[in-house]
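In case you want the letters, here they are:
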Amino acid sequence: MEFLTQHSQKEHDQDQANYSRELMIIDTKNTTKKSGSRVQMHDQETTNTTSTTKKHYILLLGINYLCLFVGSISSTLLSKFYFNHKGASRWVSTWVQSAGFPFLLLPIYLSFYVFKSTERKPFTGFTPKILSLSILIGFLLGFNNLLFSWGNSYLPVSTNSLVLSSQLAFTLITSVIIVKQKITYANLNCVILLTLSSVLLALGSSHDKPKGLTKSKYLIGFFSTVGAGLLFALYLPLMEKIYKKVYCYSMVVEMQIVMELAATVLATAGMTIDGGFSEMKKESTNVFDLGAKAYWLTVIFNVVTWQLCFMGTAGMVFLTSSLTGGICMTALMAVNVLGGVLVYGDNFSDTKIVSTLLCVWGFSSYLYGMYMKMKEEEKNKESSTEKLISDDQHFVEMT
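Quick caveat: nothing in here was measured; it's all calculated off a predicted structure. (Residues numbered from 1 in each chain as written. Predicted model: local features only at pLDDT ≥ 70, side-chain atom pairs only at ≥ 80, totals over all residues. Heavy atoms only, no water.)

Asker: Can you walk me through the overall build of the chain in this structure?
Answerer: Looking only at helices and strands, the chain features 13 helices and zero strands. If you list the helices and strands of the chain from N to C, you get α-α-α-α-α-α-α-α-α-α-α-α-α. Buried positions account for 44% of the 399 residues belonging to the chain. Look at the contacts in the chain between residues 6 or more apart in sequence, and 84% of them connect residues 24 or more apart. Accessible area of the chain: about 21,800 Å², with a carbon and sulfur share of 67%. (Helix = DSSP H or I, 4+ residues; strand = E, 2+ residues; numbered from the N terminus. Buried < 20%, exposed > 50% of the residue type's maximum accessible area, 1.4 Å probe, protein only. Contact = heavy atoms within 4.5 Å. Areas by Shrake-Rupley, 256 points an atom, 1.4 Å probe, with all protein chains shown as cover.)

This is the structure in structure tokens:
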């Protein structure tokens, strides 16, 4: 009897152990399902957040490129309009490129005080280093504006635009040196094609001088434009390097205000020394052949369109890279060429046709390269996410 009792007790203990083990297995399965559900819910939330962020990024990128598109074409045509109607002050042309910086205060203060779309107070987070760099680059930008004015005063719009595209090759070089830009087949092919476009233009531009323009002035305009392109090729990667320490788009706009202010100070000093302000009054009434009203409207529209151009450029560099910003600007050169031909009747020779086609070809190849790179990055990101979810579920099951 005692033996049977002990045996029954052992069977009872074994049954209890098996029952407890079954409960643990069921509990583990339920935990795994719940954990898997939590992982899936978290992944869904992450996907939704990423999708929203991507939409905002694409919207902001589109707005900046629209500003660059409208600003670049309009400012170039208006600058040429000023010189075509007997405007002669290169300091005035330089001054209007940066004097519109107060317009940039509107989006900064409206977003904080009116729309309440940001909690960051305007002009906070500026370190002495960022402020001093912004001022220094602003002076560099002011000198670049002066060179552009010299080039634009002598060269036809189409020639000026295509010569400026030579800055892209130098942008690639300075980007490699300053921000360690990787050279790929897409960006190298684009740079070669666009540079070849400029070389063809230079070789075939000897007969493209406006009437009354001497060879020496034509060369001054040509090399001033090349110099402007070189300085801008230095400006873009420098800005990209500084923007790496900037954490929001509004700060980019604020830095742009500081740079434009410094460039305006330089242009104002030059105008004061050269008598530019008194010259503006005389020019509007006695020199400009369309009258004072047309003169001041030209100046005002120039001020606005240049701000669109520079803000669009800064936004493109911040949101993408200095090389991409340079390529997008160079791609607009072909549109500027067509604008010069349609608006001012510039000669559209066979050389310019080939140069324009090379511009379009180079930009298209770069866009295709960027598209393939983005697709590859998305594919790698999806693979990494799936692997992470699988590892999490495996860890829960093991636990």
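Having put the structure on the table, let's press on.
Asker: For this particular structure, what's the right way to read helix α9 (residues 249–274)?
Answerer: It helps to recall that an α-helix has 3.6 residues per turn; residues three or four apart then point in one direction. Helix length check: α9, at 26 residues, gives a terminal C-alpha distance of 37 Å against a target of 38 Å (1.5 Å per residue), a fit within 8%. Positive backbone phi, at 70°, marks G275, one or two positions downstream of α9. (Expected span 1.5 Å × (residues − 1).)

Asker: Explain unusual backbone geometry here, please?
Answerer: Generally, phi is negative for residues other than glycine and the peptide bonds are trans, each holding for most cases. The residue F123 is not glycine, and still its phi comes out positive at about 65°. Take F123: its relative accessible area is 30%, and that puts it in the partly exposed class. Even without glycine at this site, K180 takes up a positive phi of about 60°. With respect to the secondary-structure elements, K180 resides in the loop between α6 (167–178) and α7 (185–203). Of the residues examined, K180 reaches a relative accessible area of 65% and is grouped as exposed.

Asker: Teacher, can you tell me more about a nonpolar patch on the surface here?
Answerer: A cluster of nonpolar side chains, namely F103, L106, Y109, L110, Y113, V114, F115, F123, W296, I300 and V304, defines an oily patch on the protein surface of about 1,000 Å² accessible area. Listed by contribution, the elements that provide at least two residues to the nonpolar patch are α3 (105–114) and α11 (292–319). In terms of residues, the nonpolar patch owes the most to one element, α3, which gives five residues. Relative to the helices and strands, I300 resides in helix α11. (Patch = residues over 30% accessible without salt bridge, like charges linked within 9 Å, V, L, I, M, F, W, Y side chains within 5 Å. Salt bridge = Lys/Arg side-chain N within 4 Å of Asp/Glu carboxyl O.)

Asker: Can you walk me through the packing of α9 against helix α10 (residues 276–287) in this structure?
Answerer: The geometry of α9 relative to α10 is characterised by a closest axis approach of 6 Å and an angle of 75° between their N-to-C directions. Considering the angle they form, α9 stands roughly perpendicular to α10. Residue-level inspection shows T268, M271, T272 and D274 of α9 in contact with α10, the latter providing G276, F277, E279 and M280. The residue inventory of the contact of α9 with α10, partitioned by class, reads three nonpolar, three polar and two charged. (Axes fitted to C-alpha atoms, helices over the stretch in contact; angles between N-to-C directions. Parallel < 35°, antiparallel > 145°, perpendicular 65-115°, else oblique. Nonpolar A, V, L, I, M, F, W, Y, C, P; charged D, E, K, R; others polar.)

Asker: Where do I start with the nonpolar core in this structure?
Answerer: Formed by 65 residues in total, the largest nonpolar core has its most connected members in Y235, M239, Y243 and M255. Top element by residues in this core is α11. It accounts for ten residues. Discounting chain neighbours no more than four positions away, the residues touching M239 are I137, M255, M259 and V317. (Core = buried A, V, L, I, M, F, W, Y, C linked by side-chain atoms within 4.5 Å.)

Asker: Which parts of the structure should I look at to understand the packing of aromatic side chains?
Answerer: Pairs of aromatic rings are described using the distance from one ring centre to the other and the angle between the two planes. For the structure shown, the criterion picks out 16 aromatic pairs. Ring centres of F123 and F126 lie 6.1 Å apart, and the angle between their planes is 35°; this geometry places the pair in the tilted category. On the numbers, 5.3 Å between centres and 75° between planes, the contact of F288 with Y295 is edge-to-face. On the basis of relative accessible area, Y295 is assigned to the buried category, the value being 0%. Linked through ring pairs, F81, Y82, F83, F288, Y295 and W296 together constitute an aromatic cluster. A cation over a ring is seen here: R90 above W150, with NZ or CZ 4.5 Å from the ring centre. (Phe/Tyr/Trp six-rings, centres within 6.5 Å; stacked < 30°, edge-to-face > 60°. Lys NZ or Arg CZ within 6 Å of the ring centre and 35° of its normal.)

Asker: What's the story with the side chain of N144 in this structure? I'm lost.
Answerer: Relative to the helices and strands, N144 resides in helix α4 (residues 128–154). If near-sequence neighbours (up to four positions away) are discounted, N144 is found in contact with A228, L231 and F232.

Asker: Explain a positive patch on the surface to me, please; I cannot follow it from the model alone.
Answerer: The grouping of K129, K180, K241, K244 and K245 at the surface amounts to a positive patch. Tracing the backbone through its elements, the reader meets K241 in helix α8 (residues 215–243). According to the relative accessible area criterion, K241 is partly exposed, its value standing at 46%. (Lys, Arg positive; Asp, Glu negative; His and termini not counted. Charge placed at Lys NZ, Arg CZ, Asp CG, Glu CD.)

Asker: What should I look at first to understand the environment of M333 in this one?
Answerer: Here M333 is to be found in helix α12 (residues 322–344). A sequence separation of 26 residues divides M333 from C359, and the C-alpha atoms of the two residues are 7.9 Å apart.

Asker: Is there a simple way to explain the environment of F310 in this structure?
Answerer: Mapped onto the secondary structure, F310 falls in helix α11. Placed 239 residues apart in sequence, F310 and G71 show a C-alpha to C-alpha distance of 7.8 Å. Not counting residues up to four positions away in its chain, the partners in contact with F310 are Q97, L141, N145, F232, Q256 and E260.

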